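What follows is the residue order along each chain.
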Amino acid sequence: MKKILLSLIFLYSISSLLIGQTQAGLQKDILISTGTSNVDLVYKVNGRDGRLYQSYIGAKLGNLLSLNQIRDAGHLAYATFGTDNLFEPAIRMTHNDGNPSLELKYVSHNVEKPNANITITHILLKDPEYPVEVTLNIKSFSAEDVIEQWVEIVQKEAKPLTIYNYASSMLHFDASKYWLTQFHGDWAEEMKMQENELTSGIKILDTKLGTRAHMYQTPVFFLSLNEKSDENNGELIAGTLGWSGNFQFLFEVDEKNSLRVISGINPFASEYTLQPGKVFKTPSFIFTYSNQGKGLASRNLHHWATSYGILDGNGPRMLLLNNWETTYFKFDEPKLNGLLDDTKKMGLDVFLLDDGWFANKYPRNDDKAGLGDWQENKTKLPDGLGYLVKEADKRGVKFGIWIEPEMVNPKSELYESHPDWILKLPNRPEHYYRNQLVLDLTNPKVQEFVYNTVDGMLTKNPGIAFIKWDCNRMMTNAYSVYLKDKQSQLYIDYVNNLYNVLDRLRQKYPHLPIMLCSGGGGRVDYGALRYFTDFWASDDTDPLERIYIQWGYSYFFPSVSVCNHITSWGKQSLKFKTDVAMMGKMGYDIPVNELTEKELKFSQDAIANYKRLSDIIWHGDLYRLASPYEGNRAVLMYVNSAKNKAVLFAYTLNARYGESFNRIRLQGLDPAKTYKIQEINVPTEGKHTGGSESGKTYSGDYLMKIGLNAGSSTALTSNVFEITE
Ligand code: DGJ
């Protein structure tokens, strides 16, 4: 101990000397601007101490020169632990000689310009005493006003060292008040929005689930500065982490009312051994800044996501008929052929065969057995998947399949043959969730197994046109035989190796549509969505609940990625269910053969309407006009970039006695254009209210200043308007 203390004092004096040398070398401050079209994030190297500071974040500055005149450099850009920082650090490590401190000085920076829209700034920082280098990477997407930040840590010491904190991003704000909007939930009740003022001290949003980012907390937030923001007013950032495992957002308000926001992998129980020469790369923190409220922030993220965050985000999508809620595990070939017929009859594109098609020794007839044994069940599918692909083809539709390749039931051949491939604690009972356990993806043999499961199925059946990749549990009682004494690396290595498997699959199958699913919305993040075309938003498909759930997702994820299925959940009308599903990527999971003739015709027409309008819904600009959190109706609209076509959805959630809704002002239209309003999805039977505007023509100016009647006097009804120049 004494020895460490002495060497610390020695090191301190050496580094003071070095600071002196650096001062002489640097002298002048250096400004590093990493902005987008409308946002500036400016760093400053302080010539007096050689450290890097965050000098400014906010609306674009006309001129950066004034920043140079401020003597106070700002807040440490990537605060370390062990020297003079008294608040939460972005990074903490112990060197292999036991020294628990890190000092980072600016060395250099360079700028890459892969294309006109993207600028990547790399800022190299180094400890003056130890061969440890930290590179801050800032990728700015100019047109979308989105910034991605990640960090790379390299050490060249003689032996391994341990890192305890390794944030992707550290941002600082100086405002009078801070308002944090977070989204929490559980299975079947995802994306519940809460807003609170941050007070002095630390507030943490995080999860510790291992296999996925969220279930109880979603890895997204809004942070409003000074005042609360609404859809069109207020200054805020919207942030999210591209990581499919434990995440942490930490908000610390200090004694001067400054706020630091530290985002990254949750460091909880995750100290990591960094080998000499190896790079530790953090996931990306992705954020946008808006001084025009949450609406603009969402549109920025949607534009970014469709171009860069989601696989083939700007491309088309196929519409599904899924059999999960219709058959559960009970089906055979004749039943499936009937569902293929239904897919065609409805005008849908793909039939997606869900859970229950595999395993023979322990057949998958419920969720208690078979997971891990990915061979077709001979009783249910005597002719294999290939037969179903052919049957689909005969009908002019496609065939898709469900898998959950990271998991295993104890009642399976996989469990019997490879007990060491499974995450489970020695000396403790196995702990199940949905009767299953997680495979140990840190083990290369398991990675190979997962890759081969998917690749083998696709090689044997090249006609498979869609996959739903499920993940129905988190880690509990987890221990990796493979990791031996490095158990604290499990959470991180699991996710990185999942990405390695997905990388390999995507090299071979770059555009195959794959839905990301995790027992509902448990795996929705931009780390995974690089590999997936869409995600299953929730197992809760009751349309009233879905309005809130989908509303929540719409803040951060574009509608093209949010799968909404019309199912038997909820007692509302088929029209209401259809209109709710339409605000994202619509699909079906209902017994089509039980629809009346009129219901079938209504659905066929709705699907045709949806196909005509889907490009506007998926890739247009979203305007949320009336929030279900603030009243008894929810209204939103999408407008295409030419502003000659829009779709408006109005849902009446409740109708209090005597309540009437005001006209709602539209947004995003061209004031000079004239628009025709046409109601679609009008049922041919039963009472229908609220469509009084259909057939009328108004100027964009009128619609945006005076508005449209949207909402009816009957609870749980809806209207969809097609708005055409
Ligand atoms: C959970 C998913 O969310 C459901 O849609 C379904 O695929 C089941 N898993 C199948 O086990």
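**A few points about the overall build of the protein**
For step 1, the next point in the chain: What the protein contains, in helices and strands, is 13 helices and 37 strands.
For step 2, the next point in the chain: Taking 2.2 N^0.38 as the reference for a compact globule, 725 residues should give roughly 27 Å; the C-alpha atoms of the protein span a radius of gyration of 27 Å, in line with that estimate.
For step 3, the next point in the chain: Among the 725 residues that make up the protein, the fraction classed as buried is 60%.
For step 4, the next point in the chain: A sequence separation of at least 24 residues applies to 68% of the contacts in the protein between residues at least 6 apart.
For step 5, the next point in the chain: For the protein, the accessible area works out to roughly 27900 Å², and carbon and sulfur atoms hold 51% of it.
For step 6, the next point in the chain: Charged side chains of the protein number 77 positive and 84 negative; the gap between the two group centres comes to 1 Å.

**A closer look at the pattern of salt bridges**
For step 1, the next point in the chain: Following the criterion strictly, the structure yields 37 salt bridges and no others.
For step 2, the next point in the chain: Across the salt bridge formed by Lys 460 and Glu 376, the nearest N and O atoms sit 3.7 Å from each other. Of this pair, Lys 460 sits in helix α8 (residues 444–460) while Glu 376 sits in the loop between β23 (350–353) and α6 (384–394), and the two are 84 residues apart along the sequence.
For step 3, the next point in the chain: Connected through salt bridges with shared partners, the residues Asp 341, Glu 391, Lys 394 and Arg 395 form a single ionic network.

**Things to note about the side chain of Ser 480**
For step 1, the next point in the chain: In this fold, Ser 480 is placed in the loop between β27 (464–469) and α9 (490–508).
For step 2, the next point in the chain: Judged by relative accessible area, Ser 480 falls into the buried class, the value being 0%.
For step 3, the next point in the chain: A distance of 3.3 Å separates polar atoms of two side chains, one belonging to Ser 480 and the other to Thr 442.
For step 4, the next point in the chain: Looking at Ser 480, its side chain comes within polar contact range of the main-chain nitrogen of Tyr 482, at 3.2 Å.
For step 5, the next point in the chain: Contacts of Ser 480, omitting those with residues within four sequence positions, involve Leu 423, Asp 440, Thr 442, Gln 487 and Leu 490.

**What about the domain arrangement of the protein?**
For step 1, the next point in the chain: By domain assignment, the protein separates into domain 1 (2–309), domain 2 (320–618) and domain 3 (622–724).
For step 2, the next point in the chain: One C-alpha centre belongs to domain 2, the other to domain 3; they are set 34 Å apart.
For step 3, the next point in the chain: Counting residues at the interface gives 25 residues for domain 2 and 32 residues for domain 3.
For step 4, the next point in the chain: Where domain 2 abuts domain 3, roughly 2500 Å² becomes buried across the two surfaces, and 70% of that area is made up of carbon and sulfur atoms.
For step 5, the next point in the chain: When the buried surface of domain 2 facing domain 3 is broken down by residue, Trp 551, Lys 575 and Ile 616 rank first, second and third, together holding 28% of it.
For step 6, the next point in the chain: At the boundary of domain 2 and domain 3, one finds one salt bridge.
For step 7, the next point in the chain: Close ionic contact of Glu 722 with Arg 612 constitutes a salt bridge, the shortest N to O distance being 2.5 Å.

Quick notes on the rules
- Residues numbered from 1 in each chain as written.
- Predicted model: local features only at pLDDT ≥ 70, side-chain atom pairs only at ≥ 80, totals over all residues.
- Heavy atoms only, no water.
- Helix = DSSP H or I, 4+ residues; strand = E, 2+ residues; numbered from the N terminus.
- Rg over C-alpha atoms; globule rule 2.2 N^0.38 Å.
- Buried < 20%, exposed > 50% of the residue type's maximum accessible area, 1.4 Å probe, protein only.
- Contact = heavy atoms within 4.5 Å.
- Areas by Shrake-Rupley, 256 points an atom, 1.4 Å probe, with all protein chains shown as cover.
- Lys, Arg positive; Asp, Glu negative; His and termini not counted.
- Charge placed at Lys NZ, Arg CZ, Asp CG, Glu CD.
- Salt bridge = Lys/Arg side-chain N within 4 Å of Asp/Glu carboxyl O.
- Polar contact = N/O pair within 3.5 Å; in protein donor to acceptor, adjacent residues only side chain to side chain.
- Domains from an automatic or database assignment.
- Buried area = accessible area lost by both parts, 1.4 Å probe.

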